[in-house]
Amino acid sequence: MTHMEMKNPVQKHVIISTRKPLQNSMIQQTSADIMPSNEERLENAKLSSGRRKGRRRGKGAKVEQLQEPKLDLSMGSHDSSKGLVFHRRPGYGQLGRKCMVKANHFLAQVPDTDLSQYSVTITPEVASRKINKSIMAQLVKLHRDTDLGMRLPVYDGKKVLYTAGLLPFVSKEFAVGLAEEDEGTGVAKEREFKVTIKFVGITSMVQLREFLAGKQVDTPHEIIRIFDIVLNQLAAQRYVSVGRCLYSPDIKNPQQLGGGLQSWQGFYKSIRPTQMGLSLNIDMSSTAFIDPLPVIDFVAQLLGKDVFSRPLSDADSVKVKKALRGVKVEVTHRGDVRRKYRISGLTSQPTRELIFPVDEKMNMKSVVEYFQEMYGFTIRYSHLPCLQVGNQRKVNYLPMEACKIIEGQRYTKGLTDKQITSLLKVTCQRPRDRETDILQTVNQNGYELDPYAKEFGITVDEKLASVEARVLPAPWLKYHDTGKEKEYLPQVGQWNMTNKKVINGSTVNYWACINFSRSVQESTVSGFCHQLVQMCKISGMEFNPEPVIPIHSARPDQVKKALKYVYSAAANKLGGKELELLIAILPDNNGSLYGDLKRICDTDLGLISQCCLTKNVYKISNQYLANVSLKINVKTGGRNTVLLDALSSGIPLVSDIPTIIFGADVTHPETGDDSCPSIAAVVASQDWPEVTKYAGLVCAQAHRQELIQDLYKTWKDSQGGTVTGGMIRELLLSFKAATGKKPLRIIFYRDGVSEGQFYQVLLYELDAIRKACASLEPSYQPPVTFVIVQKRHHTRLFASNHNDRSSIDKSGNILPGTVVDSKICHPSEFDFYLCSHAGIQGTSRPAHYHVLWDENNFTADEIQSLTNNLCYTYARCTRSVSLVPPAYYAHLAAYRARFYMEPDKPENAIPNCMRTSNESCVRPLPALNEKVKNVMFYC
C-alpha cells in the first residue's frame, strides 16, 4: 500500500492553514549550536546495573556522537541564530484547584556587571582536570595579591578562566611548581609548568537579562555555565565531584551496601534559568563508593567467603581483578611512608611462587624474601595473588595485605541486585526528610561566606521557592456496562477492579502452560491457572477454563525445545487453529530464561506470553491476579478502560478529528558497556477516539545514538527502485487499517532526551515524521505537536504544610494531578511539571514536559489536562502513573527488545549487519512476528 487512499471530502479541516510549512521554518544547525546538557545525571550510574532497561538507560548519548542530519530544507529567516525556534508559552493554565507548593529551587541573584574571559594554556599539557585545577590553585595562591591585582578567578579545569573584572595584564606567563605522585612507582616528583593567561573578551550580561525577561533570544549557555563554575569552585575543594553531584562521607555516615561497597550521601547542584530569575537547583543524591578497607578485607567482602586460608579459584580471581583494576591504594608496610599506586592487574600465580630480577644480571629473588629482607614485613597470606601496579614495562608486585584502598573512589562498575536494593533504601526519603536535608545542605554550603560567590557578587536565597500550583481533577473512567460500576472517578490517583469489568474483554479460547520451576508441583500450577482464569472471567474476559494440552514441565535450560514442543503439540490438537496465550511459571531467580522466552515468543513463534514467578504461584493474592488479568487482556487485544470524555467527544484537540498519539524512547547499554547497540522504540495509538491501544515497533541503532534512525528510511529494492518505510510510516498505516481513518493530527511524546539534545532531536525527528507522512501522500502533512518528556531531572515539589492532610497523599507527597507552569519553569518556552501519580514511598518526582513544537495550537490547560488524563489509562495497573503512557509503553518496548539481541554472536559473523555512518556495525534485531506487532505485547 503506497498511498493512504481515503476520500473524505467532508473533513476539510485536515490541516491548519495558518501553519508555516516545516520547509520554511527550519534551517541547518551548526555543531557549535549544540551545548552540553545541564542535566548530567548521577542516577544513571547508580541504577545502571539493575535497571531498567538493561535500561534504559545507561547514560544518554553524548552530543558529539550525534550525526548532523542531512535535510533538504530551505533557509528560513528568524531573529534567533537557530533556524528552528522552540514553541513559546501560549499562556498559563487555569484549570484545577489552586494551591502553593515548595520547590527545591533557590533564587540566585547576580550583578549586571560584565565578566572577563581569559584563555589558559598549560605547558606541558595535562589531560587531568584535577591536576590543571591544582596548578591554577597554586598560581592564584602565589600571585593573587600581586600579578592578579587581588582578583579571585574561577577556572573550568581546561582552557578557560573567568574574572569579575579585568586583570592588570592582557597576556602573562607564569611558572608554577607542583608535586605529583607517580601512580606506577608511588614516588612524588616536583614538576614545573608554564601557564599562559591571555585576555579573550568581555562576557556581557545583556543576553541573560533579556532571556530571563522572556525575550526571544538564544539561551545564554556560557553565562549560566560561568555561574555554575563559580558556585562549584569551593564545593569541589570540599567534596568528591561526580558530574554535577558532590559527595562526602561527612554529610551522613556511609551505609554498607555489601561486597566491599558503601553509599555516600551527596547533593546535586545546578544553576537554571527560570521565570523568577536564575535558580540554584539542589537535590539530595547517593551513590556507591569503594569502602576504604585493607585490600584483603575488601576481597573477602567482595567474594563473600574466607580468603585468609584458601586460595582463590580462577573465577574468583577474574572477579577480583575486574573489581580492583584502576583502584588506587596506599601501602601500609612502611610506617609513615604511605606511597600511592593504581592497580593495573592481578598476578596469575600466588605470592609464594612469584620471583623477579633484583639486578641487571638477572639474579632472582622471591617476593616473600624481598619484603622480609627489605622492609622486615612477613607476608602471612602467600597463597593469595599479588596486586600488579605500574605499567607493562615496569610491573611492581604488592601483596594484598600490605595495601589499603584510598578513600573517596566512586564505584563505576555494575551493582548487584542486592546492592541496588540497599542503595535504594538509603536514597528513599520521605518528602519532609528530603526537604530538611536540602535546606541543611544549602546552609552548610554557606554561599554568603563563599569567597568565589562574593567575588562575583552572587547571593543565594536560603529558602525553598514558594510556587503557585494547581491540582488538576482526575478524569472519569468508563468500564463495561455489565459491571456494577460502569463509570468511576478515581480518588487520589488509585482505584481497583472491584465491581468493574474491562470495557473490551478479549477472548482466549486456546491457551497452554509451561512450568519451568522444579519446586512447584503440577497440582499447584493447575490450581494457580484455575484461579487466574477465574479472575480473567470476573474481569470481563471470555476465557476457556481448560488448556489445549496438559501443563508441560520443562527445565529452564531447555526453553527453546519446550516452547517449540508446546506450540506444535497445541497446533496438532487444534487442527489449523493457533495457540493464543502461553502462561509460563518461572523460578524466582531465572537468569536468562525470561529474556530467552520472550525473544522466542515475540519474534519466532508469534505467541503472546504471560510469565509468573514461583513466589506468586505459592502466595496467590487477588490483587496480583487482578493485575495479571489486566495485562493478559491488553496483550490479547482487549482494552481495560477508556476516558469517559473520549466517548463523548470531550477531549480537546483529540476528539474532534482522527488523532494519533505516539510515544518514543531510546534506551542505552549499561554504564561501562562500550559496544552494545542502543534500542529505539516507538508506539502509537491504534484506536480513536479512545486512544488507549498502542502498537509498538523496535529497532537497534548505533551505540549511544540518541536520534531515532528508523523513524523514516528509504532503500533500493532488487530492481533498483526506491522503497520507503520506517516506524512512523508503518504505524500510520496500521492506524488506518485499525480505524478506517487516516490521522489528521499527530501528538508525539518523546522520552529520554537531555536539554543539550533538544534542538537536534527535534530537527531530525520532526523532519522524519514529515517525510514519513509525505511518502504516503505527497500533500499529507498533518499538524504535529512534539513534546519532550523528562523524568531524569532534579526538581522536587513539596507540600507547603506537611501537616495539612488535605494537601498530601498517604505517603506525604503532593497530590496526583499537581501541575506547575510558572516561576521555576522556563522564562519563555512552553514547559510544565506534572506530578500525575500518588506517591508510594520516598519523594515523588514530577515529570517535566517541554512542548518544543506545536502546530495544533494547544493551550496550557489543554495539553496539561490531556497529559494528566492519559496517565489514568495505563494498562498494567489501577493507578495513575508518573509518566504519560505512550512514553511509558515505548520504554517498556525498548526494554523488552534488549532481550532480542543474541550477545554470543560476534558482529563480524553477521551477514546482514547494518553499517552506520561511522562504520560501526549494528546487528538488526529479529523482526517482531506479525501476530504480536499490533497488540500490547510489551505490557
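Residues numbered from 1 in each chain as written. Predicted model: local features only at pLDDT ≥ 70, side-chain atom pairs only at ≥ 80, totals over all residues. Heavy atoms only, no water.

### Focus on the overall build of the protein chain
Item 1. Along its length, the protein chain carries 21 helices and 43 strands.
Item 2. Restricting to contacts in the protein chain with at least 6 residues of sequence separation, those with at least 24 account for 74%.
Item 3. Entry remark: accessible area of the protein chain is about 40,000 Å², with carbon and sulfur atoms responsible for 49%. (Helix = DSSP H or I, 4+ residues; strand = E, 2+ residues; numbered from the N terminus. Contact = heavy atoms within 4.5 Å. Areas by Shrake-Rupley, 256 points an atom, 1.4 Å probe, with all protein chains shown as cover.)

### Some thoughts on the confidence of the model for the protein chain
Item 1. Of all residues in the protein chain, 89% have pLDDT values of 70 or greater, and the mean over the chain is 89.
Item 2. Within the model, pLDDT remains below 50 along residues 1–81, and this stretch shows 231 contacts once partners closer than five positions in the same chain are excluded.
Item 3. Counting interchain partners and residues more than four positions distant, the pLDDT-below-50 stretch residues 906–911 has six contacts. (pLDDT = per-residue confidence, 0-100.)

### Concerning the pattern of salt bridges
Item 1. In total, this model carries 35 salt bridges according to the counting rule given.
Item 2. Close ionic contact of R209 with D112 constitutes a salt bridge, the shortest N to O distance being 3.7 Å. One end of the pair, R209, is in helix α3 (residues 206–212); the other, D112, is in the loop between β2 (105–109) and β3 (115–123), and 97 residues separate them in sequence.
Item 3. R209 sits in the partly exposed class, given a relative accessible area of 37%. (Salt bridge = Lys/Arg side-chain N within 4 Å of Asp/Glu carboxyl O. Buried < 20%, exposed > 50% of the residue type's maximum accessible area, 1.4 Å probe, protein only.)

### Brief notes about the packing of helix α5 (residues 295–303) against helix α6 (residues 314–324)
Item 1. The geometry of α5 relative to α6 is characterised by a closest axis approach of 11 Å and an angle of 120° between their N-to-C directions. When the axes of α5 and α6 are compared, the pair comes out oblique. Once α5 is placed against α6, the crossing between them reads as right-handed. Across the interface between the two elements, V295, F298, V299, L302 and L303 from α5 touch D316, K319, V320, A323 and L324 from α6.
Item 2. Broken down by class, the residue content of the contact of α5 with α6 amounts to eight nonpolar, no polar and two charged. (Axes fitted to C-alpha atoms, helices over the stretch in contact; angles between N-to-C directions. Parallel < 35°, antiparallel > 145°, perpendicular 65-115°, else oblique. Left-handed = near helix turned anticlockwise from the far one by under 90°. Nonpolar A, V, L, I, M, F, W, Y, C, P; charged D, E, K, R; others polar.)

### Observations regarding helix α20 (residues 885–897)
Item 1. Counted at 1.5 Å a residue, the expected span for α20 with its 13 residues is 18 Å, and the 18 Å between its end C-alpha atoms agrees.
Item 2. For α20, the buried fraction is high: eleven of the 13 residues fall into the buried class.
Item 3. Buried within α20 we find P885, P886, A887, Y889, A890, H891, L892, A893, A894, R896 and A897. (Expected span 1.5 Å × (residues − 1).)

### Brief notes about the packing of aromatic side chains
Item 1. Enumeration according to the criterion identifies 27 aromatic pairs in this entry.
Item 2. Residues F86 and Y759 carry aromatic rings whose centres are separated by 6.3 Å and whose planes lie at 50° to one another, so their mutual orientation is tilted. In this pair, F86 is assigned in the loop between α1 (43–47) and β1 (97–103) and Y759 in helix α18 (residues 758–776), connecting sequence segments 673 residues apart. Each member of the pair F86 and Y759 is classed as buried.
Item 3. Three or more aromatic residues joined by ring pairs form one cluster here, namely Y694, Y874, Y888, Y889, F937 and Y938.
Item 4. Lying across the ring of Y488, K500 places its NZ or CZ 4.3 Å from the centre.
Item 5. Above the plane of the ring of W715 lies K713, whose end atom (NZ or CZ) is 5.7 Å from the centre. (Phe/Tyr/Trp six-rings, centres within 6.5 Å; stacked < 30°, edge-to-face > 60°. Lys NZ or Arg CZ within 6 Å of the ring centre and 35° of its normal.)

### Describing the side chain of Q686
Item 1. Mapped onto the fold, Q686 is located in the loop between β32 (678–685) and β33 (694–701).
Item 2. Given the relative accessible area of 8%, Q686 is considered buried.
Item 3. Looking at Q686, its side chain comes within polar contact range of the side chain of S734, at 2.7 Å.
Item 4. Among the polar contacts made by the side chain of Q686, one reaches the main-chain amide nitrogen of F735 at a distance of 3.3 Å. (Polar contact = N/O pair within 3.5 Å; in protein donor to acceptor, adjacent residues only side chain to side chain.)

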